[in-house]
Amino acid sequence: MKHYYFKSNLFYFILISLAAFTQQESYAQCAGNDTTITICNIPDSSNQNFNLFNALQGAPQAGGTWTDNDNLNIYVGSSTDIINIWEINQGGTYTYTYTVNSTGCTDNTATLTLNIGGYAGVNNFDANACENDTSVNLFQFIGNNPNPHLFGTWVDVDNTGALTGSFYNATIQGVGSYTFTYTVPAVGSCPAQTVTVELTVHPLPDPNEATYEFEICGPNEIANHANFDLLTIVQPTNGFWTEDSGTNELTSPSDTIIDIQNIFNTFGYGDYNFSYTSLPSHPVCEPQVVTVIIKIKRELDFSAATINIESICINEINNNSLDIEILDLPNLTDLPSNLFEITYQLNGPTNFSGTYQFILNDPVNFTITPDNPLQEGTYTIIIDDFIILNDPNELICNIIYDLEDTFEIWPIFEDNLDINIDDICEGENIDILITHPDNTFGETLDITYDVSGANTISNANETLTFTNGEATITIDISQFPNIGNHTFEITSVTNQFGCVVDTDFSDDFEIFELPPSTIGITIDDVCLGEAITIELGNLTNLNQIELIYSIETGIISQQNINLSVNNGMTNFTVDGSNFTTPGTYDFEIHEITNLQTGCSSLSTSNLNFEIYPIPNPPNVNPIQEFCEADNPTVADLSPNATNIFWYENQTSITPLSATQPLTNTTYWVAQTNAQGCVSDKVFVDVIVNQVPQPTLVQDGNKFCGIDNPTVADLTSNIIQGTTYNVVCYDQNGNQLPPSTLLDDNETYYAYLNDAVTGCDSSTNLEIQVTLTNCDPNNPVYDFFIPDAFSPNNDGNNDVFRIPNISFLFPDYSYEIYNRYGKRLFVGDIQNPEWNGETNAFVDGVAPNGVYFYIVYFNKDNKPPQQGRLYLNR
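What this report covers is the structure whose coordinates are included nearby. Predicted model only: the values in this text are computed from it and were never measured. (Residues numbered from 1 in each chain as written. Predicted model: local features only at pLDDT ≥ 70, side-chain atom pairs only at ≥ 80, totals over all residues. Heavy atoms only, no water.)

1. A short note on unusual backbone geometry
- Cis geometry marks the peptide bond from Asn145 to Pro146; its omega dihedral reads 5 degrees.
- Along the chain, Asp362 connects to Pro363 via a cis peptide bond; the corresponding omega equals 0 degrees.
- Positive phi values are uncommon outside glycine, yet Asn73 reaches one of about 55 degrees.
- Residue position: Asn73 is located in the loop between β5 (65-68) and β6 (82-84).
- The residue Asp860 is not glycine, and still its phi comes out positive at about 50 degrees.
- Secondary-structure assignment places Asp860 in the loop between β58 (849-856) and β59 (865-871). (Helix = DSSP H or I, 4+ residues; strand = E, 2+ residues; numbered from the N terminus.)

This is how it looks when you write it as structure tokens:
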């Protein structure tokens, strides 16, 4: 590679003649050679517009295209060969590629590399800023043609602490002179550059820009400001006054006296502006305008208004709310708005604050609802703020008012009252004791009460004067003509504040009916020694009574007895031992008391009754015997008559039923006389003879029918047969002789008979006999199959049957076939006989001839047996 160094008067590079650069060349055919150029003198105007094509070495062909590899986009006009170096904002290395589209080139691209040195700008020792500038860009002071490069560093030489990047905040250090430097670093062979900025910060004019408001409130203050000097608000220098609201109060730029009373008289309430312009000491700072606003405002006088809250009982408060009224408000016109808002404070046992908006009117009524429940006590309501709403021009400056009121929330009677009313009897007054839980309570309360029940009283009033926590009321019995249950209820209580509270203090009481003085008496005549039962009636509505009575024969003097009453009836007994002789006696009642109510009545009710003598006991046989099988009952005992009664023991009073079965025990018997009096009891010993139930030996019911077993064979199998006589009966209750043959599957009934007592067993033994207990292998029990029969109805051999087979093979069956193998008949234990008839022939009759049988034994795996059978009619 060859290196070429161009000077300003060399070759045709007149545009870069002042630039110090180094050019490198390499062989590239159609597009020229790759070339590197360094430009350090950025502000040289000859380096501003740079021709890329002319900078290529070699022999590049024209008409190619350039590629901006770094996307600088700094081409000049529509040409893509010339770039504006001054539009590059920082030093560095940048490349462009030139491409020629030619078919004869082996290499059609070349790269131009530009090394651009850094440019820091120019020194500025006369930079200026105003003290209110928060963002002074120092780049504005170091040139703009070309612009300094942006990749350098600013240095706050005086360490003001107000420099951020390139921006200086003049408000931090204020007025003064400050030094800053800007340095861009070296790029390749191009050295670093540094410039200096000397910045002077100038003051704002005095006073600074501001707005001052001066408020005049109400007619008194307006009258006191007829000659008002604006200098009392602002003391300016180096400037002039102007008027902004057209009042014509200022006659010249130096005039400062205005007549506020005249302004109000001419223009009314409102804002009136006067301005003073202060000129700066350096033009970098702008003139400052101070505006003085004279606000002439209206004062509203509500001093005659009052606020009122009526004292109230706490139970009259609805929804925890209080009604408030503001009276004597003025009738005002020309207001910016009739909508006002007050802020109030409620002070007392319950504190609360809030606001209320209203249209000005007289009166104003509103309701407040504290957050917490209202309590009894003294309260103060204070309006501590009174403002007008929707006053866009703020014309109202003050509202004169003094709104405060004191009221009370009175308590109600909230204590419990205990009412005690004793139940009374007919004819007695009602005394009511009312007790307060505090035994020192001594106030007076007004009450309203009701009485409900058998008698009624509504909305009656009474004053209760309490002493030591108690008060009494007496209601005359004349208001209670009816007996029965009542409820006394205090429905309201009024305390000393007149606060009424509904209550439900109550007590129940009853006016009891007096027991009847005339009592129904029933006394049955009795036998001597028996208790006397006295039944009493006409005791309606009574449950428990006390009775004072006597039996007037000198036997029993006056006695007291407590009795239970059921359905108006009661009874009691008098021990019969009190009476030793028969005769007539008089029972008399003296007084009756209802034990549940304590109410009593005198009585003279009485009744006579008779005591009868006792008969002698009956004559009896002391030992009596019976058979258990006869099911003996009390009716079988002797004696037995309508006046004879048998008992299970000597002390029993309940006779035994005639159907009561007898047992081996002692019974007692008594008799009665014509008056029904029972004699003393005498005993009889009863013996019921028992015979046991027969018991059969194991398998004693099983026989072989071929042996022709009899009843005697069956009874011989009864275990008790050696001690008792055994008697058998059939199912129809017929006694069977011992020689009677047994039938298969027949049921027999066996009894035992005691020859000594003549009694039979009370329970029989039921025996079902089987005659199939035969051993087929026993030669004694061999059987034969007939080989002929003659079904001609002559009574002799009319059917075919196999004798005794049902005893040996009870599950047998057999089949009859003709010589052609057609089955004609099937037989078994249920159908053992064939009479020669069959459905196999049209006439239903088998003709004379030889037939064949097959017998199936169905027992012990015995094989079937075949044979011939001759039928001859």
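2. What about the pattern of salt bridges?
- Counted under the stated rule, the structure contains six salt bridges.
- For Lys297, the salt bridge identified is with Glu394, shortest N-O distance 3.9 Å. Note that Lys297 is positioned in strand β21 (residues 288-301) and Glu394 in the loop between β28 (377-388) and β29 (396-400), a separation of 97 residues in sequence.
- Overlapping salt bridges, with partners in common, bring together Glu215, Lys297 and Glu394 in one network. (Salt bridge = Lys/Arg side-chain N within 4 Å of Asp/Glu carboxyl O.)

3. Some remarks on a nonpolar patch on the surface
- A contiguous nonpolar patch, built from Val850, Phe852 and Tyr870 and spanning about 250 Å² of accessible area, is present on the exposed surface.
- The residue Tyr870 is located in strand β59 in this model. (Patch = residues over 30% accessible without salt bridge, like charges linked within 9 Å, V, L, I, M, F, W, Y side chains within 5 Å. Areas by Shrake-Rupley, 256 points an atom, 1.4 Å probe, with all protein chains shown as cover.)

4. Focus: the sheet that holds β5
- Read across the sheet, four strands follow the order β3-β8-β7-β5 without closing on themselves; strand pairing throughout is mixed. Looking along the sheet, the strands with just one partner apiece sit at the ends: β3 (35-39) and β5. Here the average twist between neighbouring strands, direction ignored, is 20 degrees.
- The sheet contact formed by strand β7 (residues 92-99) and strand β8 (residues 109-116) spans eight bridges and is antiparallel. If you follow Gly92 over to β8, its bridge partner there is Ile116. (Pairing = 2+ DSSP bridges. Axes fitted to C-alpha atoms, helices over the stretch in contact; angles between N-to-C directions.)

5. A few points about the sheet that holds strand β52 (residues 725-729)
- Taken together, three strands build an open sheet; the order of strands is β52-β53-β54 and the sheet is antiparallel. Of all strands in the sheet, those with a lone pairing partner are β52 and β54 (765-768), marking the two edges. Ignoring which end each strand starts from, the neighbouring axes of this sheet average 30 degrees apart.
- Two elements, β52 and strand β53 (residues 747-753), share five bridges in a ladder whose sense is antiparallel. Across the sheet, residue Tyr729 finds its bridge partner in β53, namely Tyr749.

6. What to know about the packing of aromatic side chains
- Counted by the stated rule, this structure contains 44 aromatic pairs.
- Aromatic pair Phe302 and Phe340: ring centres 5.8 Å apart, planes at 55 degrees, arrangement tilted. One end of the pair, Phe302, is in the loop between β21 and β22 (306-308); the other, Phe340, is in strand β25 (residues 339-347), with 38 residues separating them in the sequence. Judged on exposure class, the residue Phe302 and its partner Phe340 are both buried.
- Seen from their ring centres, Tyr356 and Phe366 are 4.5 Å apart, and the 15 degrees between their planes marks the pair as stacked. Residue Tyr356 is found in strand β26 (residues 352-359), and its partner Phe366 is found in strand β27 (residues 364-368); the two are separated by 10 residues along the sequence.
- In this structure Tyr356 comes out as partly exposed when scored by relative accessible area, which is 26%.
- Members of the aromatic cluster, each reached through a chain of ring pairs, are Phe302, Phe340, Tyr344, Phe352, Tyr356, Phe358, Phe366, Phe386 and Tyr401.
- Its end group placed over the ring of Tyr647, Lys681 keeps NZ or CZ at 4.5 Å from the ring centre.
- The aromatic ring of Phe857 is capped on one face by Lys862, whose charged end is 4.9 Å from the ring centroid. (Phe/Tyr/Trp six-rings, centres within 6.5 Å; stacked < 30°, edge-to-face > 60°. Buried < 20%, exposed > 50% of the residue type's maximum accessible area, 1.4 Å probe, protein only. Lys NZ or Arg CZ within 6 Å of the ring centre and 35° of its normal.)

7. Focus: the state of the cysteines
- For the structure on display, the rule yields nine disulfides.
- With a sulfur-sulfur separation of 1.9 Å, Cys130 is cross-linked through a disulfide to Cys285. Torsion about the S-S bond of the Cys130 and Cys285 cystine: about 115 degrees, corresponding to right-handed handedness. Of the two residues, Cys130 sits in strand β9 (residues 124-130) while Cys285 sits in the loop between β20 (270-278) and β21, which places them 155 residues apart along the sequence. Each of the two residues, Cys130 as well as Cys285, counts as buried. (Disulfide = S-S within 2.5 Å.)

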